[in-house]
Amino acid sequence: MLQLRFLFIRLFLAFIEYAPVNNILKFASQFTPRGIDPRSSERNPLAELDAIMDKAVNLEHFLSDLNLQEIYFCEARRYFSSRNVSRRFPRKSFNAIIVQMKVLAHELPDFSSACWTKNFPGQAFTFSAREQNCGRNVNPFLWRIYRFKWIDDLKKKSESLSDSDMESTLISTFKKVQEFERNLMRASSTRVQKKIEHNQFYVSLTQDKALQKTAARLLHQYLTQAQNQIFFELIDADLIIHYLNELRQEPGKVLPSDFQTAVPKSLLSIIKNLIPRPIELLADQSMFPVALEAGSKTSNHSSSRQSTYRTSPVRPFHAIWSGIFGKDCLAGDPDHLSKLTAARWTIAVLRDTHTEFVERNGRYQGFIRTVPLQGSMHGPLRSLEIWVPNMARCVLISHPEDSDDLSRRFLFAHWFEAWELQNPHRNQRHIMSSSKIIDNERVKEFLLASPVYSQGVALSTSESLEPVDQLIHEINRILPASTEAKEFYTGSIAIDVTLKDARDIRVLRTFPQEASAHSTGFKMGP
């Protein structure tokens, strides 16, 4: 009987750990009024992570205490996963970094002390804004079923199509279009007749089976790229709809950057038709249920809701793990651990590097990181990386002296003003590159189009930029990057401006320093 009871317990624990069941349990815990974190008033997750670390004397003590590591891992997993119940904080990634950390701790005392420092200058700030929204929540399980069925359908539509078939289809289609346009111009038909023939021809092209397969193949390849995977993990209706709207408006994004063949307009039209219409998705109220106002049974049909954002400087040790949840292939993504490189995940502990976590209504949303650089004719520079999908949200900001006076802005523009004011290195210039290698959180594309970047000052060269902290050279000596990892960056450190596709590097446009917290409407400190 005792053996049967023990077997039952083991089977029950295995059942709980089984991914679908585990997700169901996680999802059930999310059924609280939207916009309210039940833990926010009871606990401070970052303070709890600090408290766990304080139980160890130093890094060596932490690395030798398996029980303390387990407690820290569980709390970190709970904190980082608070943004998305579908995205997991994988243990194998945590363990892989711990293995490399032990090597560095044994060889480099300076690394150990840098990991354990509590010195993280800067001041937390918060601001509230009403966010434009579609008035819907999302059922993550129905959305999961829908998105995988969509991908499978695209794959089935193009399974028999080879690369050579796709190329020949595009070439023959382009020739067909050229011939039709020439003949139409030479024809003696009236203007109205030509327009009718023009429309009929291009409609018929969209019915071409080979072209339809080509469109399905291109869209499938685009959606399954690593940098686009965040879309399939979103459980935020607003971000899902924003992504689909953006994709439908610019179907040319789907095409590879090295695409040489001239693109028929009909191909883009077919791709657009393969992308779900947001209005049709929202019609399914099982998958996208109508949102309720917090604490009430009343449907939220308004176009905005109140949210509070907090940006907090964090202990460097906590920032080490942020790349895992951000699916950074060099900093712990579980699917690319062969590329794990200390030149990436150790950035957080380098001298004067600052990492700040952004929370929305008490839930982790992503991180901001600045790395000091030297060797530029522009003086001290700091490379800026932003891994917060919410930065692309549209928000309504009220004037401090008139709550009814609302201005519509993107969250990034408002956040950047507040961040510039509280930044401890206001006298240094921040730079960002045009690289999209690390656009894992689908925000880089938006940042590059913002005035902060587009109206910034281009740097004449980036080859001379080097990290201020020379510890990185010792780290690289002890744990050199793998060949796979070095395909992504140049130099001694893997940051935004050293990535292989970083062509345009700009000093970001900053806002007037005489601006005040009062004028921007944000609150400093706790």
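Quick note: structure is the one above.
Residues numbered from 1 in each chain as written. Predicted model: local features only at pLDDT ≥ 70, side-chain atom pairs only at ≥ 80, totals over all residues. Heavy atoms only, no water.

## Focus: the side chain of Arg136
- For Arg136, the position within the fold is in the loop between strand 1 (125-132) and helix 8 (140-157).
- Within the structure, Arg136 has its side chain in polar contact with the backbone oxygen of Phe288 (distance 2.9 Å). (Helix = DSSP H or I, 4+ residues; strand = E, 2+ residues; numbered from the N terminus. Polar contact = N/O pair within 3.5 Å; in protein donor to acceptor, adjacent residues only side chain to side chain.)

## Side note on the pairing of strand 4 (residues 363-374)
- Of all the twelve residues making up strand 4, eleven are buried; the element is thus mostly covered by neighbouring parts of the structure.
- Bridge analysis of strand 3 (residues 354-360) against strand 4 gives seven bridges, and the strand direction is antiparallel. Following the sheet pairing, His354 is matched in strand 4 by Thr370.
- Remark: two residues form the turn of the hairpin made by strand 3 and strand 4, two consecutive strands paired antiparallel; Asn361 in that turn has positive phi of roughly 50°.
- Of the pairings in the sheet, the one linking strand 4 to strand 5 (residues 381-387) comprises seven bridges and is antiparallel in character. Its bridge partner being in strand 5, Pro372 is matched across the sheet by Arg382.
- Between strand 4 and strand 5, which pair antiparallel and follow one another directly, the connecting turn spans six residues, one of which, Gly375, has a positive phi of 100°.
- In the sheet, strand 4 pairs with strand 10 (residues 466-467) via two bridges, with the strands oriented antiparallel. Within strand 10, the residue paired with Leu373 across the bridge is Pro467. (Buried < 20%, exposed > 50% of the residue type's maximum accessible area, 1.4 Å probe, protein only. Pairing = 2+ DSSP bridges.)

## As for the side chain of Gln365
- Tracing the sequence through the fold places Gln365 in strand 4.
- The buried category is assigned to Gln365, whose relative accessible area is 6%.
- What Gln365 contacts, discounting residues up to four positions off in sequence, is Arg83, Val358, Glu359, Arg360, Trp387, Val388, Pro389 and Asn390. (Contact = heavy atoms within 4.5 Å.)

## Notes on the nonpolar core
- Counting 70 residues, the largest nonpolar core has Tyr72, Met101, Phe111, Phe317, Ile320, Trp321 and Trp345 as its most contacted members.
- In terms of residue count, the dominant contributor to this core is helix 6 (residues 91-107) (seven residues).
- In terms of nonpolar packing, the next biggest core, distinct from the first, is built from 33 residues, Val138, Ile151, Leu219 and Leu244 among them. (Core = buried A, V, L, I, M, F, W, Y, C linked by side-chain atoms within 4.5 Å.)

## Side note on the packing of aromatic side chains
- On inspection of all chains with the given rule, the structure shows 29 aromatic pairs.
- On the basis of an interplanar angle of 35° and a centroid distance of 5.6 Å, the ring pair of Phe73 and Phe89 is categorised as tilted. You can see Phe73 sitting in helix 5 (residues 66-80) and its partner Phe89 sitting in the loop between helix 5 and helix 6, a full 16 residues away along the chain. Of the two residues, Phe73 and Phe89, both sit in the buried class. (Phe/Tyr/Trp six-rings, centres within 6.5 Å; stacked < 30°, edge-to-face > 60°.)

## Here we look at the pairing of strand 8 (residues 429-433)
- A large share of strand 8 lies buried, amounting to four of its five residues.
- Note: strand 5 against strand 8, three bridges, orientation parallel. Residue pairing for strand 8: Leu381 is matched across the bridge by Arg429.
- Inspection of the sheet shows strand 8 paired to strand 11 (residues 505-507) by three bridges, in the antiparallel sense. Among the inter-strand pairings, Met432 is bridged to a residue of strand 11, identified as Arg506.

## A closer look at the pattern of salt bridges
- Overall, the coordinates contain 14 salt bridges when judged by the stated rule.
- For Asp496, the salt bridge is made with Lys444, and the minimal N-O distance between the two is 2.6 Å. Placement of the pair is Asp496 in the loop between helix 22 (483-486) and strand 11 and Lys444 in helix 19 (residues 444-449), with a sequence separation of 52 residues. Neither Asp496 nor Lys444 differs from the other in exposure class; each is buried.
- Counted as one network, the salt bridges with shared partners bring together Asp50, Asp54, Lys118 and Arg315. (Salt bridge = Lys/Arg side-chain N within 4 Å of Asp/Glu carboxyl O.)

## Topic: the packing of helix 11 (residues 209-223) against helix 13 (residues 265-274)
- The contact between helix 11 and helix 13 brings their axes to 9 Å, and the two run at 60°. Our classification of the angle between helix 11 and helix 13 gives oblique. Of the two possible hands of crossing, helix 11 and helix 13 adopt the one that is right-handed. Residues Leu211, Gln212, Thr214, Ala215, Ala216, Leu218 and Leu219 of helix 11 form the contact with helix 13, whose participating residues are Ser266, Leu267, Ile270, Ile271 and Leu274.
- Broken down by class, the residue content of the contact of helix 11 with helix 13 amounts to nine nonpolar, three polar and no charged. (Axes fitted to C-alpha atoms, helices over the stretch in contact; angles between N-to-C directions. Parallel < 35°, antiparallel > 145°, perpendicular 65-115°, else oblique. Left-handed = near helix turned anticlockwise from the far one by under 90°. Nonpolar A, V, L, I, M, F, W, Y, C, P; charged D, E, K, R; others polar.)

The values are spatial; any link to function lies outside them.
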